[in-house]
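Close look at the chain arrangement
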Amino acid sequence: MFHNILVSYDGSPHAERALEEAIELAQLSHSRLTILTAITRCPAWAYSGPSVAAAATLSTELENEAANVQRRAIERVPNDLPVTKILTHEPVVKALMKQIKEGRHDLVVMGSRGFGPVRGTLLGSVSQHVLSHSDVPVLIMHADPEPVEPAPDPVSSASSSEAD
């Protein structure tokens, strides 16, 4: 079925769901997993004036956090699955498209925050871009919805308090 699955992973609930699905697919088809994590970059303006030292510190912290996020993902992969990790300084869209072209992947699995077409266009949806430009199939996962507790039934609440 699949031989080399690329997973975009940032630690978000949507990425968690994508990783779960990718692991399951890789186990079923005895595939290799490649987990790509992009390091969030400080904005360019942060490297000017008095904030240079703070930006350098923040940059190091962002890199460490991305490495920790990716390490936690790798720890979830069963020992019998081969896994490659990619930690990149490139913007995530650029890194994903480059990896899709060069990595010989036959499936991309990634999460989506579900912005929809209008908000996704305005906010720059990564999943929408990859879906539109990938030469290989893309599986988009959404996080499981948070369970909503039903509101108490006002009739049964009133009945039980009257009985007391």
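Residues numbered from 1 in each chain as written. Predicted model: local features only at pLDDT ≥ 70, side-chain atom pairs only at ≥ 80, totals over all residues. Heavy atoms only, no water.

Let's talk about the nonpolar core
Rules: The definition of a nonpolar core used throughout is a set of buried Ala, Val, Leu, Ile, Met, Phe, Trp, Tyr and Cys residues joined through side-chain atoms within 4.5 Å. Only protein chains enter the area calculation, which uses a 1.4 Å probe; residues under 20% of their type maximum are buried, those over 50% are exposed, and those in between are partly exposed. A run of DSSP states H or I qualifies as a helix once it reaches four residues; a run of E qualifies as a strand once it reaches two. Both are numbered from the N-terminal end. Every residue pair with non-hydrogen atoms within 4.5 Å of one another is taken to be in contact.
The biggest cluster of nonpolar side chains holds 20 residues, and the ones touching the most others in it are Ile5, Tyr9, Leu19, Leu33 and Val109. It is helix H1 (residues 13-29) that contributes the most residues to this core, 7 residues altogether. Setting aside anything within four residues of it in sequence, one finds Leu33 in contact with Ile5, Val7, Ala22, Ile23, Ala26, Val77, Leu81, Pro82, Val83 and Thr84.

Re the pairing of strand S2 (residues 32-38)
Here is the rule we go by: We call two strands paired when DSSP finds no fewer than two bridges between them. A crossover gets the label right-handed when its path from the first strand over the helix to the second runs clockwise, viewed with the strands pointing away from the viewer.
Across the 7 residues that make up S2, a large majority, 5, are buried. Bridging between strand S1 (residues 4-8) and S2 involves 5 bridges; their strand directions are parallel. Bridging from a neighbouring strand, Ser8 pairs with Leu36 of S2. With respect to chirality, the unit in which S1 leads through H1 into the neighbouring parallel S2 is right-handed. Across 6 bridges, S2 lies against strand S3 (residues 83-88) in parallel orientation. Looking across to S3, one finds that Ile35 is bridged to Lys85.

Thoughts on the environment of Arg17
With respect to the secondary-structure elements, Arg17 resides in helix H1. Owing to a relative accessible area of 22%, Arg17 belongs among the partly exposed residues under this scheme. The sequence separation of Arg17 and Ser112 amounts to 95 residues, and the corresponding C-alpha distance is 9.8 Å.

A closer look at the environment of Ala73
Position of Ala73 among the secondary structure elements: in helix H2 (residues 52-76). Ala73 sits in the buried class, given a relative accessible area of 0%. Residues Ala73 and Ala15, spaced 58 residues apart in sequence, show a C-alpha to C-alpha distance of 9.7 Å. Aside from chain neighbours lying at most four places away, what touches Ala73 is Tyr9, Leu19 and Ile35.

A word on the packing of helix H3 (residues 92-102) against helix H5 (residues 126-133)
How we decide: Structural elements are reduced to axes, namely lines fitted to C-alpha atoms, with helices fitted over the stretch in contact, and the angle between N-to-C directions of any two is expressed from 0 to 180 degrees. Angles are sorted into four bins: roughly parallel if under 35 degrees, roughly antiparallel if over 145, roughly perpendicular if 65 to 115, and oblique for all others. The sense of a crossing depends on the near helix, which, turned anticlockwise from the far helix by less than a right angle, makes the crossing left-handed and, turned clockwise, makes it right-handed. Lys, Arg, Asp and Glu make up the charged group, whereas Ala, Val, Leu, Ile, Met, Phe, Trp, Tyr, Cys and Pro make up the nonpolar group; the residues left over, Gly among them, are polar.
Viewed as axis vectors pointing N to C, H3 and H5 meet at an angle of 25 degrees, and their least axial separation amounts to 10 Å. As far as their axial angle goes, H5 and H3 are roughly parallel. In the crossing of H3 with H5, the sense of the turn from one axis to the other is right-handed. Together, Val92, Val93, Leu96, Met97 and Ile100 of H3 and Val126, His129, Val130 and His133 of H5 make up the contact between the two elements. Residues that form the contact of H3 with H5 fall into these classes: 7 nonpolar, 2 polar and no charged.

Looking at unusual backbone geometry
Generally, phi is negative for residues other than glycine and the peptide bonds are trans, each holding for most cases. The phi dihedral of His30 is positive, around 50 degrees, even though this residue is not glycine. Tracing the chain through its elements places His30 in the loop between H1 and S2. Unusually for a residue other than glycine, Arg104 sits at a positive phi of about 55 degrees. Within the element layout of this structure, Arg104 appears in the loop between H3 and strand S4 (107-111). On the basis of relative accessibility, which here comes to 74%, the residue Arg104 falls in the exposed class.

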